[in-house]
Amino acid sequence: MTYAQDMLSSGNDGMLEHIDARTNLAGTNKMEILLFSLGSNEKFGINVFKVKEVCQIGKVTRTPNMPGGVDGIISLRGHVMPVLNLANFMGMNPEIKHETMLVAEFNRHILGFLVEGVDRIIRVDWDKVHPTEGMLSDKGALITAITELEDGSLVSILDVEQILADAFGEAVVGNVERIESEHELCVFFADDSLVARRKIIEVLEKMGVKHVQSNNGREAWDRLKAMADAAQSAGVNLHDQIQAILTDAEMPEMDGYVLTQHIKGDSRFDDIPVVMHSSLSSDANRAMGKRVGVDYYVSKFDSIVLSSTLRPLLT
């Protein structure tokens, strides 16, 4: 029996038993992907850390004004959650009714994804996971990255943040108080999600803080090293140029955990705090961040929590 099949039969307990083993991935630049199908020849994947459980769908209740692609709501283990028919949402219109549900938790939301079936869990190096920006349209693209299996077939990794935004609307950035400072303030941030980058920029602009951005961890580290080298050559303190570093956890090429290790291993960044800003909100993920030296951990996406975390680091 594969691990994915074991999760299907044992429910949430099977997933919880695997948490401790997965926390050991911190700093290895590896991720685990649950492979699943949607009734086509394509292979799809989702980070295992986003999956609470795999189960058979129960009774789904239709409610008025459900967004397109959402079949209804379901009650499962004390949680009432929306059920999103992933194939329909992606415009695939399968002939067979899907009855396998991935119960996913991210961005402090719990929802069910209906899929045709689950295959297995694979462990891949993040440097073998390639971003799709430039290959797919930024607008409406529901795939954030692609990786290749040993047999040469490709796996499309879901952009769950984009799916959540498309289905239920983007998080609203509320009133964020501006920081009054005599000095120019700047945050360096790295995130592979277009939705997340847009929201981070909106928060920083409302705070009156400039930003430098990168779309993945490897690009971020290259830019940070270049900034540190330039500051060192000029004999200036890097902290005068950037006061905080904000990083996602999941990113193609290099994840946020390895990025943090690099930053914490370079004394030129000693007085610059690292804030991990991730849709992975479980205690296990916080423990992974702490293990590699993350100073603060903020769950996506709450503009007030994000701004209140950054504010004392910038003043």
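(A) Highlighting the nonpolar core. Residues Phe-36, Leu-86, Leu-102 and Phe-113 are the most contacted members of the largest nonpolar core, which totals 28 residues. Elements with a minimum of two residues in this core: β1 (30–37), β2 (43–47), β3 (51–56), α4 (86–89), β6 (100–106), β7 (109–115) and α5 (160–168).

(B) Structural detail: the packing of helix α8 (residues 256–264) against helix α9 (residues 283–292). Relative orientation of the contacting elements α8 and α9 amounts to 25°, with a least axis distance of 9 Å. Considered as vectors, α8 and α9 are oriented roughly parallel to each other. Between α8 and α9 lies a crossing whose hand is right-handed. Of α9, the residues touching α8 (which contributes Tyr-257, Thr-260, Gln-261 and Lys-264) are Asn-285, Met-288, Gly-289 and Val-292. Considering only residue class, the contact of α8 with α9 consists of 3 nonpolar, 4 polar and 1 charged.

(C) Layout of the pairing of β1. Of all 8 residues in β1, 6 are buried; the element is thus mostly enclosed. Bridge count for β1 against strand β8 (residues 117–125) is 7 bridges, and the pairing is antiparallel. Opposite Lys-30, over in β8, you have Asp-125 as the bridge partner. Bridge count for β1 against β2 is 4 bridges, and the pairing is antiparallel. In the sheet register, Phe-36 faces β2, and the bridge partner there is Phe-44. Linkage of β1 to β2, two consecutive antiparallel strands, is achieved through a turn of 5 residues, within which Gly-39 is found at a positive phi near 95°.

(D) Quick peek at the environment of Phe-106. Mapped onto the fold, Phe-106 is located in strand β6. Residue class for Phe-106 comes out buried when judged on its relative accessible area of 0%. The sequence separation of Phe-106 and Lys-52 amounts to 54 residues, and the corresponding C-alpha distance is 9.8 Å. Contact partners of Phe-106, with chain neighbours within four places excluded, come to Lys-50, Leu-111, Phe-113, Val-160, Glu-161, Leu-164 and Ser-279.

(E) Local environment of unusual backbone geometry. A cis geometry characterises the amide bond from Lys-300 onward to Phe-301, with omega recorded as -25°. As for its placement among the helices and strands, Phe-301 is situated in the loop between β16 (296–299) and α10 (303–314). One non-glycine residue with positive phi stands out, namely Arg-77, at about 50°. Locating Arg-77 in the fold gives a position in the loop between β4 (70–76) and β5 (79–85). Positive phi, normally seen in glycine, also occurs at Glu-253, with a value near 75°. Among the secondary structure elements, Glu-253 is positioned in the loop between β14 (244–247) and α8. Owing to a relative accessible area of 18%, Glu-253 belongs among the buried residues under this scheme.

(F) Main features of the sheet that holds β6. The strand order across the open sheet formed by 5 strands is β3-β6-β7-β5-β4, and the pairing between neighbours is mixed. The outermost strands of the open sheet, each flanked by one partner alone, are β3 and β4. Ignoring strand direction, the axes of neighbouring strands in this sheet form an average angle of 30°. The strands touched by α5 within the sheet are β4, β5, β6 and β7, with β7 carrying the most contacts at an inclination of about 95°.

The rules behind these values
- Residues numbered from 1 in each chain as written.
- Predicted model: local features only at pLDDT ≥ 70, side-chain atom pairs only at ≥ 80, totals over all residues.
- Heavy atoms only, no water.
- Core = buried A, V, L, I, M, F, W, Y, C linked by side-chain atoms within 4.5 Å.
- Buried < 20%, exposed > 50% of the residue type's maximum accessible area, 1.4 Å probe, protein only.
- Helix = DSSP H or I, 4+ residues; strand = E, 2+ residues; numbered from the N terminus.
- Axes fitted to C-alpha atoms, helices over the stretch in contact; angles between N-to-C directions.
- Parallel < 35°, antiparallel > 145°, perpendicular 65-115°, else oblique.
- Left-handed = near helix turned anticlockwise from the far one by under 90°.
- Contact = heavy atoms within 4.5 Å.
- Nonpolar A, V, L, I, M, F, W, Y, C, P; charged D, E, K, R; others polar.
- Pairing = 2+ DSSP bridges.

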